[in-house]
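Coordinates in review
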Amino acid sequence: MIGEAFVSAVSRLYGGATVESTTRLMGGVSADVFKLVVRKANGERASIVLRVHGETHSGHPAALEFNLLRALYAQGVAVPEPLLLDDSCKLLPYPFLLMAFMAGSTLIPSGGENAYIEKLASTLVDIHNLATSELPALPIRTNPIPEVFDYLPTGASWQPLHDRLKALTNTDYSGQHKLLHGDYWPENILWKHGHPVAILDWEDAALGDPLADVAAARVELRYKFGTAAMTRFTEAYAKGAAVDYQRLMLWQVYVAAAAQCFMRQWGLPPEQEAHMRKEALASIQEAGDWLGQTNKS
């Protein structure tokens, strides 16, 4: 997929351009992403990102992702500018997008995470406040039940949680549908000088219950920084948006259950996977206990 194939892809955007260097960008598991340094026919250099929806891709079709990025970019959202879509599978074996390259880092410095967590939360509030009328049609995500039962751990110790969740009614979100990023976690945010400059990877975006995003971020922050980070993030988010804690706990059960179900496919080092699995299971249990105590009162 390199060499002439990359040149052909870039030529669709910049006629007569050459590819000077290719660097694979790491981090995601469902798309092949490359930084390309190209030289245009007039001699000008440009850095662009090639995102290929390859064999393991499981998110939105390339056309939907491209149109969503275009709509978000037009609203002034900090996303990479979408430059080109090709889903013909003639230039490359798979559909691909070309986007502007944005410099930054996904790393949150140890010891300074509190300020970053506050900004993560306020940025998510901004996403959830975006107008949705100009967005392309997206999936609806409003209810963690009953799909959660596909992911929950099984066995005698987990049966009370299964029973508790099955007994719940009216679990569908009835509020105004918000734009959901769908995979909001630190690795999908580019930072520069302590400020978020780009929100990446919108392939799981949806419309629906904003607390689905909040729960996903909480569990991811727990993996890296512990339970205090979960609490800080939630409190920071609650400064700008309402938080229904019962719904948040339902989504936390869903997110953590799905994570522990699929994380073996993520290619993680064994020690990291063991740590994340332990924290995911604890997140399920703690949210389930909270729901149990609340429903008794």
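Here, the structure is the one placed above.
To keep things clear, this report deals only with the structure shown in the data block. The residue numbers shown here count from 1 along each chain, following its written sequence. It should be noted that, the model being predicted, local features are given only for residues of pLDDT at least 70 and side-chain atom pairs only at 80 or more, the latter also being counted only at that level, while totals for whole chains, interfaces and linings use all residues. Calculated side-chain values reflect all of the structure's heavy atoms, with hydrogen atoms and water omitted.

Examining the packing of helix α3 (residues 113–128) against helix α5 (residues 211–225)
This is how it is decided: Here, axes are lines fitted to C-alpha atoms. For helices the fit covers the stretch in contact, and angles between N-to-C directions go from 0 to 180 degrees. Each helix corresponds to a stretch of at least 4 residues labelled H or I by DSSP, and each strand to a stretch of at least 2 residues labelled E; elements are numbered beginning at the N terminus. In this scheme, roughly parallel covers angles under 35 degrees and roughly antiparallel covers those over 145, while 65 to 115 is roughly perpendicular and the rest are oblique. Definitions for this section: a left-handed crossing has its near helix turned counterclockwise from the far helix by less than a right angle. A right-handed crossing has that turn clockwise. Residue contacts are counted whenever heavy atoms from the two residues lie within 4.5 Å of one another.
Remark: α3 packs on α5, axes separated minimally by 11 Å, with the N-to-C direction vectors making an angle of 165°. In terms of orientation, α3 lies roughly antiparallel with respect to α5. In this structure, the crossing between α3 and α5 has a hand that is right-handed. From α3, E113, I117, L120, L124 and H128 reach across to α5, where they touch D213, V214, L221 and F225.

Looking at unusual backbone geometry
Note: most peptide bonds trans; most residues except glycine with negative phi. Test applied: Buried residues are those whose accessible area, probed at 1.4 Å on protein chains only, stays under 20% of the maximum for their type, while exposed residues exceed 50% and partly exposed ones sit between those limits.
Cis peptide bonds are those with omega within 30 degrees of zero, and the linkage from I145 to P146 qualifies with 10°. As for its placement among the helices and strands, P146 is situated in the loop between β6 (140–141) and α4 (159–166). Phi at C89 takes a positive value of approximately 60°, unusual for a residue other than glycine. Here C89 shows up in the loop between β4 (82–86) and β5 (96–100). The phi dihedral of N170 is positive, around 55°, even though this residue is not glycine. By the secondary structure assignment, N170 is in the loop between α4 and β7 (178–180). For N170, a relative accessible area of 75% gives the class exposed.

Re the packing of aromatic side chains
Short version of the rule: Planes of paired rings set the category: under 30 degrees apart is stacked, over 60 is edge-to-face and the rest tilted, where pairs are Phe, Tyr or Trp rings (Trp by its six-membered ring) whose centres lie within 6.5 Å.
Applying the stated rule across the entire model yields five aromatic pairs. On the basis of an interplanar angle of 65° and a centroid distance of 5.4 Å, the ring pair of Y151 and F262 is categorised as edge-to-face. Of this pair, Y151 sits in the loop between β6 and α4 while F262 sits in helix α7 (residues 245–262); the two residues are 111 residues apart in sequence, bridging distant segments of the chain.

Quick look at the nonpolar core
Let me state the cut-off plainly: The nonpolar core is taken to be a set of buried Ala, Val, Leu, Ile, Met, Phe, Trp, Tyr and Cys residues, with the residues joined through side-chain atoms within 4.5 Å.
Grouped together as the largest cluster of nonpolar side chains are 74 residues, with contacts concentrated most on L72, L165, L179, W202 and F233. At eleven residues, α7 tops the list of elements feeding residues into this core. Contacts of L165, omitting those with residues within four sequence positions, involve I145, V148, F149, L152, L250, V253 and L291. By size, the runner-up hydrophobic cluster in this structure holds 17 residues, among which are F6, A17, L84 and L98.

Some words on the sheet that holds β7
Backbone hydrogen bonds are what pair the strands of a sheet, in a parallel or an antiparallel way. What counts here: Two strands qualify as a pair provided that DSSP identifies no fewer than 2 bridges between them.
Pairing within the open sheet is mixed, and its three strands lie in the order β6-β10-β7. Each edge of the open sheet carries a strand with a single partner, namely β6 and β7.

So, the packing of α3 against helix α6 (residues 227–238)
Let me state the cut-off plainly: We call Asp, Glu, Lys and Arg charged. Ala, Val, Leu, Ile, Met, Phe, Trp, Tyr, Cys and Pro are nonpolar, and the rest, Gly among them, are polar.
Two elements in contact, α3 and α6, have axes whose closest approach is 8 Å; the angle formed by their N-to-C orientations is 45°. The angle between the axes of α3 and α6 places the two elements in the oblique class. For the pair α3 and α6, the crossing hand works out as right-handed. In this structure, α3 contributes N114, I117, E118, L120, A121, L124, V125 and H128 to the contact, and α6 contributes A229, R232, F233, A236 and Y237. The class makeup of the residues in the contact of α3 with α6 is nine nonpolar, two polar and two charged.

Digging into the sheet that holds strand β1 (residues 18–25)
In space, the five strands of this open sheet follow the order β1-β2-β3-β5-β4, with antiparallel pairing throughout. The sheet is open, and its two edges are formed by β1 and β4, each paired on a single side. Here the average twist between neighbouring strands, direction ignored, is 25°. Where β4 and β5 come together, four bridges link them in antiparallel fashion. Bridge pairing links L85 to L97 in β5. Against the sheet, helix α1 (residues 4–13) engages β1, β2 (32–39), β3 (45–52), β4 and β5, with an angle of about 120° to β4. Running over the sheet, helix α2 (residues 62–74) touches β3, β4 and β5 and is turned about 160° from β4.

Quick look at the pattern of salt bridges
Our working rule: Between Lys or Arg on one side and Asp or Glu on the other, a salt bridge is scored when a side-chain nitrogen of the former is within 4 Å of a carboxyl oxygen of the latter.
Applying the stated criterion across every chain yields a total of 15 salt bridges. Of the charged contacts, one joins E20 and R45 as a salt bridge, the two residues approaching to 2.6 Å between their closest N and O atoms. Here E20, found in strand β1, pairs with R45, found in strand β3; they are 25 residues apart in sequence, far enough to count as distant. Residue class for E20 comes out partly exposed when judged on its relative accessible area of 36%.

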